[in-house]
Amino acid sequence: MRVPQPTERVPQSAESPKSFPALPVPRSETGRAALAALLADPARSLIGLDFDGTLAPIVPEPAQARALPAATAALRRLSGLVGTLAIITGRPAREAVAFASLEEVPGIVVLGHYGRQRWSGGTLTAPPPPAGLAEARDRLPAVLEAARAAEGTWVEDKGDALAVHTRRTADPRAALERVGAPLAKLAAETGLAVEPGRMVIELRPPGADKGLALRELVAQRDAGAVLYGGDDLGDRPAFAAVRELRAAGLPGLVVCSGSAEVSDLAQEADLVVDGPEGVVALLTALADALEAHSWPPGNVDVPEVTPKG
Ligand SMILES: [Mg+2]
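What you are looking at is a predicted structure, and each value in this text was computed from that prediction instead of being measured.

Re helix H1 (residues 29–40)
- Spanning 12 residues, H1 covers 16 Å between terminal C-alpha atoms, matching the ideal 16 Å at 1.5 Å per step.
- Of all 12 residues making up H1, nine are buried, and the element is well covered by its neighbours.
- Here the buried face of H1 lies against strand S1 (45–49), strand S10 (225–230), strand S11 (252–257), strand S12 (271–273) and helix H8 (275–292).

Structural notes on the pairing of S11
- Where burial is concerned, most of S11 is hidden: six out of the six residues are buried.
- Burial along S11 is two-sided: Gly252, Val254 and Cys256 and Leu253, Val255 and Ser257, pointing in opposite directions, are all buried.
- In this structure, S10 lies alongside S11, joined through five bridges in parallel fashion. What sits directly across from glycine 230, in S11, is cysteine 256.
- The parallel pair S10 and S11, bridged by helix H7 (residues 236–247), forms a crossover whose chirality is right-handed.
- Relative to S12, S11 runs parallel, the two being bridged by three bridges. Residue cysteine 256 lies in a different strand from S12, and its bridge partner there is valine 272.

Points about the sheet that holds strand S2 (residues 84–88)
- Taken together, the eight strands give an open sheet; going across it, the order is S5-S4-S3-S2-S1-S10-S11-S12, and neighbouring strands pair in mixed fashion. Among the strands making up the open sheet, the edge pair consists of strand S5 (123–125) and S12. Across the sheet, the mean angle from the axis of one strand to that of its neighbour is 20 degrees, orientation sign disregarded.
- Note that S1 and S10 share five bridges and pair parallel. Looking at S10, one finds that glycine 48 is bridged to tyrosine 228.
- Packing against the sheet, H7 makes contact with S1, S2, S10 and S11, and its axis sits at approximately 160 degrees to S10.

What counts as what
- Residues numbered from 1 in each chain as written.
- Predicted model: local features only at pLDDT ≥ 70, side-chain atom pairs only at ≥ 80, totals over all residues.
- Helix = DSSP H or I, 4+ residues; strand = E, 2+ residues; numbered from the N terminus.
- Expected span 1.5 Å × (residues − 1).
- Buried ≥ 20, exposed ≤ 12 C-beta atoms within 10 Å, placed from the backbone.
- Contact = placed C-beta atoms within 7 Å.
- Pairing = 2+ DSSP bridges.
- Right-handed = clockwise from strand over helix to strand, strands pointing away.
- Axes fitted to C-alpha atoms, helices over the stretch in contact; angles between N-to-C directions.

Structural data, given as structure tokens:
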């Protein structure tokens, strides 16, 4: 039987039950090489993914966010094929586990609060809340009032971090600008870091970011290839970490879950997919490809193509 190449476009049809959706083709040569490396040795590969906007559609109420069921299903399939699967999120780790049903994904590692927390196999490791957070929590209402925060601005208490959201205001971008400087001042005075995101500014513990978290996990697992996917400014350090690892010789692929809200992030990625639905399509195509075939090292040839977008 002829073995399709990993990026060959195989049409889906009722007549060919073994067909699988074509893997998207990274636009950069290094990205294509990384995808080939992942397919060649999945057991030594690491896939790291953000949660909100990547596995789960962005919703007005963060507590209502849920991973697309097909995302969890694809991760479940990949768990038996790829050496390390990790979710790296600004959320508390347990929340991401619950909102994506990750207890159904064997072996997955969930790094919460930008890597401060680690959940694996039902066990959570978490340091105590940072010094300064309690003071910031106490002062925050008065700071927002003094800033004349727009109606609809609200605070999400994440336990180890405080997120100020403006998505429900009449003009979310203007509302975010209005509170930006006062929140930065409060963070500086309480020893916290400022994390801007999609219609949200978060005050969180310093010293952790998704790049450090990813690099540490890659080292722990001795990964031979890495794919990281995210959608927001907080993913930038992880994108940078992949590029640094790549410069050091580790094949790495940056995937942007594209959105109109953070359009410039796409420029930093090797592959841009269309939001969480696109991420699901990518993960599913990877699972299809890895389940259907073994990819002998040296026999993975990713063709030159003109990328779209
Ligand atoms: Mg996100």
